[in-house]
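Secondary and tertiary structure notes
Each chain, written out:
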Amino acid sequence: MIRFKAIVPARFASSRLPAKPLANIAGKPMVVRTMERAMASGAEEVWVATDHEGVRDAVLAAGGKVLLTRPDHSTGTDRLGEVVTTLGWGDDEIVVNVQGDEPLIDPLLVQRAAAALANDPTASIATAAHPIHSVIEFLSPAAVKVVCDASGLAHYFSRAPIPFPRDAAAAGKLQAGMPLPQGLAPLRHVGLYAYRVGFLRAFSGLEPAPLEKIEMLEQLRALWHGYKIRVEILAEAPPAGVDTPEDLARVRALFAAA
């Protein structure tokens with residue numbers, strides 16, 4: 001059995017969905033729903049990390065563990081770094097970051113991310129990706145793509161369509177409604193991460209990478225500084241998280257129907 005811990009970062013502010021962590025889903029705040037999924041993964045400990053007292057109080061009322069973290073962290077990874085330092089976890093321990101707006105996340109996926117990192121001692125991070133099947137998704141900057149090497153380590157993440165099929169594009173075959181060009185098997189990144197605690201402690205001291213600033217993807221900082229990222233390939237996309245009121249309505253309907 002893989003030993004790991006989980007942290008659920010839950011930032012209160014959200015431009016598209018105010019007070020998102022406290023949104024009611026079938027009688028419980030969203031952050032509590034997500035925490036419960038993380039607990040079902042087999043993690044030894046699950047902690048919620050938040051910058052808001054209301055979120056802290058909701059987690060405590062549900063019997064969870066929570067830390068009130070600094071409000072000025074520039075990334076969620078920095079927030080995790082504060083948690084592992086405060087709790088004094090060892091550098092070789094594995095921590096899975098379960099975003100607080102993922103109330104539908106599969107507990108087995110959390111466990112799988114931890115196992116992927118545990119089974120690769122060369123990697124500092126593990127994440128996941130799934131196949132892209134449509135040209136529209138492939139071309140969308142909202143869909144972050146990843147290219148891996150033969151061993152399954154990430155080479156690069158981008159909002160651009162990578163790998164780019166030069167000849168097919170020149171022939172006009174990258175059009176909505178068309179199938180992806182033969183031989184092209186792009187991967188969409190899934191924002192689930194497992195980290196070694198030592199990396200989390202080091203991350204906040206790393207200089208932001210130029211590529212990170214251009215693409216607005218913080219995982220590029222790790223690659224820029226030479227850290228290896230293991231990519232677990234999923235057969236299909238996991239359920240989407242909650243970013244908008246429409247997403248929240250969809251998740252509420254699913255819980256109501258369960």
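These lines cover the structure that appears in this document, whether it is placed above or below. This is a predicted model, so every value here is computed, not measured.

1. Remarks on unusual backbone geometry
Here the bond from Ile-162 into Pro-163 is cis, since omega is -10°, no more than 30 degrees from zero. One can find Pro-163 in the loop between strand S9 (154-158) and helix H6 (166-170). Within the chain, Ala-19 stands out as a residue other than glycine whose phi angle is a positive 55°. For Ala-19, the position within the fold is in the loop between strand S1 (5-10) and strand S2 (24-25).

2. A short note on helix H1 (residues 30-39)
For H1, the buried fraction is high: seven of the 10 residues fall into the buried class. Taken as a whole, H1 has its buried residues at Met-30, Val-31, Val-32, Arg-33, Thr-34, Met-35 and Ala-38. Each element contacted by the buried residues of H1 is listed here: S1, S2, strand S3 (28-29), strand S4 (46-50), helix H2 (53-61) and helix H10 (245-257).

3. Describing the pattern of salt bridges
Here the idea is simple: oppositely charged side chains can pair when their charged atoms come close. Summed over the entire model, instances satisfying the criterion amount to 16 salt bridges. The residue Lys-5 makes a salt bridge to Glu-45 at a minimum N-O spacing of 3.3 Å. Of this pair, Lys-5 sits in strand S1 while Glu-45 is found in the loop between H1 and S4, placing the two residues 40 residues apart along the sequence. A salt bridge links Arg-56 to Asp-57, with the nearest nitrogen and oxygen atoms 3.2 Å apart.

4. Quick notes on a nonpolar patch on the surface
Taken together, the side chains of Leu-211, Ile-214 and Trp-224 define a hydrophobic patch exposed on the protein surface, amounting to about 330 Å² of accessible area. By the element assignment, Leu-211 lies in helix H8 (residues 210-215). A relative accessible area of 31% places Leu-211 in the partly exposed class.

5. With respect to the packing of aromatic side chains
One pass over the structure, following the stated rule, counts four aromatic pairs. Aromatic pair Tyr-193 and Tyr-195: ring centres 5.7 Å apart, planes at 20°, arrangement stacked. What makes Tyr-195 buried here is its relative accessible area of 3%. Each ring, one from Tyr-195 and one from Phe-199, has its centre 5.8 Å from the other, and the planes form 5°; the classification is stacked.

6. Remarks on H10
The first and last C-alpha atoms of H10 sit 18 Å apart over 13 residues, in line with the 18 Å expected at 1.5 Å per residue. Where H10 is concerned, the buried positions are Asp-247, Leu-248 and Val-251. Seen along its axis, H10 keeps its buried residues to an arc of 100°; they face one direction. Those residues of H10 that are exposed and angled more than 90 degrees off the buried face are Glu-246, Ala-256 and Ala-257. Those residues of H10 that are buried are in contact with S2.

Rules used throughout
- Residues numbered from 1 in each chain as written.
- Predicted model: local features only at pLDDT ≥ 70, side-chain atom pairs only at ≥ 80, totals over all residues.
- Heavy atoms only, no water.
- Helix = DSSP H or I, 4+ residues; strand = E, 2+ residues; numbered from the N terminus.
- Buried < 20%, exposed > 50% of the residue type's maximum accessible area, 1.4 Å probe, protein only.
- Contact = heavy atoms within 4.5 Å.
- Salt bridge = Lys/Arg side-chain N within 4 Å of Asp/Glu carboxyl O.
- Patch = residues over 30% accessible without salt bridge, like charges linked within 9 Å, V, L, I, M, F, W, Y side chains within 5 Å.
- Areas by Shrake-Rupley, 256 points an atom, 1.4 Å probe, with all protein chains shown as cover.
- Phe/Tyr/Trp six-rings, centres within 6.5 Å; stacked < 30°, edge-to-face > 60°.
- Expected span 1.5 Å × (residues − 1).
- Arc of directions from axis to C-beta.

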